[in-house]
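# Chains, contacts and geometry: an overview
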Number of protein chains: 2
Amino acid sequence: MDPELIRRLATPASTKVMLCVMDGLGGLPGPRGRTELEEADSPQLDRLAELGAVGQSVPVGIGITPGSGPGHLALFGLDPLRYEVGRGALEATGIELDLGPRDLAARGNLCTVDADGLIVDRRAGRVATEVTAEIAGVLSAVALPGVELMVRPVREHRFVLVLRGDDLSADVSETDPQRVGVPPLEAEPLAGAGDGTGPAAERTAELVNGFVSEARRLLRTRERANALTLRGWATRPDLPQLPALWRLRAAAVATYPMYRGLARLVGMDVLDAGDSIETQIAALGRHWAEYDFFFVHWKHTDSAGEDGDFLRKVRAIEEFDRAIPRLLALGPDVLVVTGDHSTPAMMAAHSWHPVPLLISGRHVRVDDSHGFGEGECARGGLGTIPAREVLPLAFAHAGRLAKYGA
Amino acid sequence: MDPELIRRLATPASTKVMLCVMDGLGGLPGPRGRTELEEADSPQLDRLAELGAVGQSVPVGIGITPGSGPGHLALFGLDPLRYEVGRGALEATGIELDLGPRDLAARGNLCTVDADGLIVDRRAGRVATEVTAEIAGVLSAVALPGVELMVRPVREHRFVLVLRGDDLSADVSETDPQRVGVPPLEAEPLAGAGDGTGPAAERTAELVNGFVSEARRLLRTRERANALTLRGWATRPDLPQLPALWRLRAAAVATYPMYRGLARLVGMDVLDAGDSIETQIAALGRHWAEYDFFFVHWKHTDSAGEDGDFLRKVRAIEEFDRAIPRLLALGPDVLVVTGDHSTPAMMAAHSWHPVPLLISGRHVRVDDSHGFGEGECARGGLGTIPAREVLPLAFAHAGRLAKYGA
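Residues numbered from 1 in each chain as written. Chains lettered and ligands numbered in written order. Predicted model: local features only at pLDDT ≥ 70, side-chain atom pairs only at ≥ 80, totals over all residues. Heavy atoms only, no water.

### Section: the relation of the copies chain A and chain B
The two copies are related by a screw motion: chain A maps onto chain B through a turn of 123° and a shift of 0.3 Å along the axis, at an RMSD of 0.2 Å. Such values leave the two copies arranged in the relation of a three-fold axis. Residue Arg379 of chain A, judged by its C-alpha, is the member of chain A lying nearest the rotation axis, at 3.8 Å. (Least-squares fit on C-alpha atoms with pLDDT ≥ 70 in both.)

This is the structure in structure tokens:
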């Protein structure tokens, strides 16, 4: 649904909508011919499916495997092909580093180069996060003319670089050659929308190269992690803000920084949700009266899927299933359960497969589904719909969309 | 389907297509767990479903509740998000007042104001239509410089105002404050697509305010219905004309003015169809040889749904069902049955739910549906398609669409 149309039709109401995102929910048949969700003993989800309607959501497009960013943007009602969160911005978001309007971020990798400056290990042996934190401290001291800079560790060899200043440009090439035996690349200004490169891109490339050579000097005595590469240049994404767009108060209840960050990028308040489903439910209870929309994120399905651990993903589904009575006890008018993408344990990776979708609440056209699983969902009454239509559909059921036309 | 593509592919043929629109057809499960259509004893529709194929149409978009205008434009093959019929134009259409190219229409409400000019009743106690007709006669005598004007009663307190003249603009604000205790608003020119307001909008606002103050003077001695509000400024919509677009002769057989008007807006001939299904069928019979496409409108399903009367909606479906043998006896090559939107009796209102769709005729890929109901349709062989694709699909089955590309 186009933001302009949402602005026109969104109507305040006293209803509450809860969107439960079971990360990487969709799966593929395992050893016994059933998917993780079908294998799971999940009587609560099955009952919601029986009393409500099911279908499938397509995160980005048919055949497209989404990252976490696009998968969530779609569930927040935005077309992930239109709105992109650059890698650097997503990485910053993941460590709760909120970018400002003058910030330019990149994802950095520590690497190891030999005496000739040629890369011998692109990930510096996946150096410990503590070491990266120490190096980040050193690199933060680099001084560049006219800009501030921050270097923050992420995990293992990964870090985030943020430059803060006027007229910085993301139209700068990446310095990671993506192979060993060659030196890191120089940053170069990229041609923008116009014909040539702009002065902002040229100056930014100079600043980046200045940072890289000074960093190389500071790290030169190290045997490993003595150089770095930078990619995914990104400024703060300019995304529609859910509260203004939909005229409601929106809160996120997520235990992982990345998802809290994504929620913040679309204007949600991020509640202190602790690190377990219990603390998440407690947060919902404490703030129930204050918000109209709640985004509840459940990470463990995806982590297990990524690890290729079929049974652990089954158990992650079952653990969320057991929490459902407490979610329902809060009294949401509309409850949606889906995922941001599929992560079949059999692939140990994100995939392009459609994601099971369930909607429960008043005015749902109940279908004849008797359980929540990929097979039932493929035949479900909601059909197979773009993930970005899930939120409008939920808000329609909650009486938050006015009639279009007379 | 894009009008440009239709123009390129539309092919004359000797086939006849009948589109039966059961207004507000889609429903929600009632007391016995079945929708109105599922509850209805409708052997003819069930047989058509068995011999044909079923699916669902989505009038405007997922989660969007359509008004009658957008719902019908979609069934006439037009994207209702691209083509809009303004409230004033639709209201004029509803009383068979066809707007000309120099006309500007608004929907008017008679209201009651106190001695200080503050609104005390926004609908003037839903004054009788006859009273509104009398007042409309009085107001029609108002003289404005350079424009003609017409005031026509609609129903109860509602009327239509039409200004006819050169360079009138719909970019004028509404005078209805939408609440009591305040005076009606002044009309003001609105900023158009450009930066400021145009001279046409400024002059139109002046004319409108002139009309309002003169009307107030004429009505000042009345105790009730002594003032008015105006909203939904609209000029004649510029819609593609079905006969030229599809290279065929199109006729509408509708008993309600609104739907006759909508058909006229897309270039259909409107037949004298009386006020019952019998007179509608008689009109079809009289004119069968003269047209290639017939739009048959059945209103009672929607009226019953709007009234929240589940059983009356069931009976309205059954009444139409009994007429089907006589429709088939005319010999349509392709028969489509669907609705312009859902009007579940359980909601007593239009809704966003997809609408049952049925197609019968030669070359239909028969699916395994055994009846015409929401459940069967959600699983039907036609799938869930935008309502604006229903007409191209029907015309394809009627051999009226040439092959695309060599």
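### Looking at the environment of Thr129 of chain A
All names here are of chain A. Within the element layout of this structure, Thr129 appears in helix H6 (residues 129-139). Sequence separation of Thr129 and His157 is 28 residues, and the distance between their C-alpha atoms is 6.7 Å. In contact with Thr129, other than residues within four places in its own chain, are Pro153, Val154, Arg155 and Glu156. Within the structure, the side chain of Thr129 is placed 2.9 Å from the backbone nitrogen of Glu156, a separation counted as a polar contact. (Helix = DSSP H or I, 4+ residues; strand = E, 2+ residues; numbered from the N terminus. Contact = heavy atoms within 4.5 Å. Polar contact = N/O pair within 3.5 Å; in protein donor to acceptor, adjacent residues only side chain to side chain.)

### Here's the deal with the packing of helix H5 (residues 87-94) of chain B against helix H9 (residues 257-265) of chain B
Residues and elements named next belong to chain B. Relative orientation of the contacting elements H5 and H9 amounts to 115°, with a least axis distance of 7 Å. Relative to H9, the element H5 lies roughly perpendicular. Within the contact between the two elements, H5 uses Leu90, Thr93 and Gly94 and H9 uses Pro257, Met258, Gly261, Leu262 and Leu265. A per-class count over the contact of H5 with H9 returns five nonpolar, three polar and no charged. (Axes fitted to C-alpha atoms, helices over the stretch in contact; angles between N-to-C directions. Parallel < 35°, antiparallel > 145°, perpendicular 65-115°, else oblique. Nonpolar A, V, L, I, M, F, W, Y, C, P; charged D, E, K, R; others polar.)

### Description of the interface of chain A and chain B
Contacts between the two partners involve 24 residues from chain A, matched on the other side by 29 residues from chain B. Between chain A and chain B lies a buried interface of about 2000 Å² when both sides are counted; carbon and sulfur atoms form 61% of it. For chain A, the biggest contributors to the area lost against chain B are Arg365, Tyr404 and Ala406 of chain A; these three give 42% of the whole. Our count for the chain A to chain B interface comes out at two salt bridges. With its nearest N and O atoms 2.7 Å apart, the salt bridge here joins Arg8 of chain A to Glu84 of chain B. The interface formed by chain A and chain B includes nine residue pairs in polar contact (both at pLDDT 80 or more). Taken together, the elements giving at least two residues each to the side of chain A that touches chain B come down to helix H1 (3-9), strand E13 (383-386) and helix H14 (390-397) of chain A. Here the residues of the side of chain A that touches chain B are counted per class, giving 14 nonpolar, four polar and six charged. (Buried area = accessible area lost by both parts, 1.4 Å probe. Salt bridge = Lys/Arg side-chain N within 4 Å of Asp/Glu carboxyl O.)

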